[in-house]
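# Observations on the model geometry
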Amino acid sequence: PVVRSNYEDKHVGADELADYARAQGLQALVRVHGSTALLKTLLSNGLPVMMPTWHVDSKGQQMGHYRLVTGYDDAAQEWIVYDSLETRGVSADAPYRGVRIAYAEFEEHWQILNHLYVIVYPADRAALVTVIVGEDLDDAGMWQRSLERAREHLATHPDNAFAWFTLGTNLLNNALPTEAAQAFDQARLIGLPFRMLWYQFGPLQAYYEVGRYA
């Protein structure tokens, strides 16, 4: 009821989470274009990272889902995450040590949400966060680099609806609504899970900006 004040809203956005953290006296940063290297640097400096990823349950149901990444294991090629839905490797009779998710699986599911991430930290760590995030603190540069990455991903996944959707998101945030609408059209043509617009609203904005109100 605090972070999701409208009961009919199906999702809490990353900015809403950040606003809540700030209301508790912390600082928060919401960015896209996250990467494995960035995550490892943040974690090795004692900064856990929350991000929305895609989740597929045992029945094949697909949905967006927040996970808190707390560590990594290069030898096993696994992230260690705190997760309210996933139970693999978790024993009810033992202390909770998080869930392990393979790097490759995590990357696939993170890409669907445009590599978005949230860092929450006390004021005395702000300078460290600034250094680690670096050039992606600049919105314009961050979105340009994210667009380039989306194009590279699409080149190797041309039949993937999520890849087209992510391209549309980045085109839209680079002030290219016509191209964004075309990318969203292609994503919808291939087929998207019915929950997709619970989490990312780019198609609605793109169609509005090009006058496709219907």
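For the structure, check the block above.
The shown structure was predicted, so the numbers you read here are calculated from the model rather than taken from an experiment.

Here the focus is the sheet that holds strand 6 (residues 117-121). Read from one edge to the other, the open sheet built from 6 strands follows the order 1-6-2-3-4-5, with strand pairing classed as antiparallel. Looking along the sheet, the strands with just one partner apiece sit at the ends: strand 1 (27-31) and strand 5 (99-102). Averaged over neighbouring strand pairs, the angle between their axes works out to 40 degrees when direction is ignored. Of the pairings in the sheet, the one linking strand 3 (residues 62-73) to strand 4 (residues 78-82) comprises 5 bridges and is antiparallel in character. Directly across from Tyr72, in strand 4, lies its bridge partner Trp79.

What follows is about helix 8 (residues 202-209). An α-helix turns once per 3.6 residues; consequently, residues spaced three or four apart project the same way. Buried residues of helix 8: Gly202, Pro203, Ala206 and Tyr207, and no others. All buried residues of helix 8 fall inside an arc of 120 degrees around its axis, so they share one side. Across from the buried face of helix 8, at angles greater than 90 degrees, the exposed residues are Leu204 and Tyr208. Of the surrounding secondary structure, the elements contacted by the buried residues of helix 8 are helix 6 (161-172) and helix 7 (177-190).

A few words on a nonpolar patch on the surface. On the surface, a nonpolar cluster with roughly 260 Å² of combined accessible area is contributed by Tyr82, Val90 and Tyr96. The topology assignment puts Val90 in the loop between strand 4 and strand 5.

Right, let's talk about the packing of aromatic side chains for a bit. Under the defined criterion, the tally for this structure stands at 11 aromatic pairs. Both rings, one in Tyr82 and one in Tyr96, keep their centres 5.1 Å apart while their planes meet at 70 degrees; by these two values the pair is edge-to-face. Taken together, the residues span a long stretch of sequence, with Tyr82 in strand 4 and Tyr96 in the loop between strand 4 and strand 5 at a distance of 14 residues. Taking the relative accessible area as the measure of exposure, Tyr82 reaches 40% and is therefore partly exposed. Taken together, the ring pairs connect Trp54, Phe162, Phe194, Trp198 and Tyr199 into an aromatic cluster.

The subject of this paragraph is unusual backbone geometry. Unlike most non-glycine residues, Gln77 shows phi in positive territory, near 55 degrees. With respect to the element layout, Gln77 can be found in the loop between strand 3 and strand 4. Positive phi is not limited to glycine here, since Asn114 has a value of about 65 degrees. Along the chain, Asn114 turns up in the loop between helix 3 (103-111) and strand 6.

Rules used in this analysis
- Residues numbered from 1 in each chain as written.
- Predicted model: local features only at pLDDT ≥ 70, side-chain atom pairs only at ≥ 80, totals over all residues.
- Heavy atoms only, no water.
- Pairing = 2+ DSSP bridges.
- Helix = DSSP H or I, 4+ residues; strand = E, 2+ residues; numbered from the N terminus.
- Axes fitted to C-alpha atoms, helices over the stretch in contact; angles between N-to-C directions.
- Buried < 20%, exposed > 50% of the residue type's maximum accessible area, 1.4 Å probe, protein only.
- Arc of directions from axis to C-beta.
- Contact = heavy atoms within 4.5 Å.
- Patch = residues over 30% accessible without salt bridge, like charges linked within 9 Å, V, L, I, M, F, W, Y side chains within 5 Å.
- Areas by Shrake-Rupley, 256 points an atom, 1.4 Å probe, with all protein chains shown as cover.
- Salt bridge = Lys/Arg side-chain N within 4 Å of Asp/Glu carboxyl O.
- Phe/Tyr/Trp six-rings, centres within 6.5 Å; stacked < 30°, edge-to-face > 60°.

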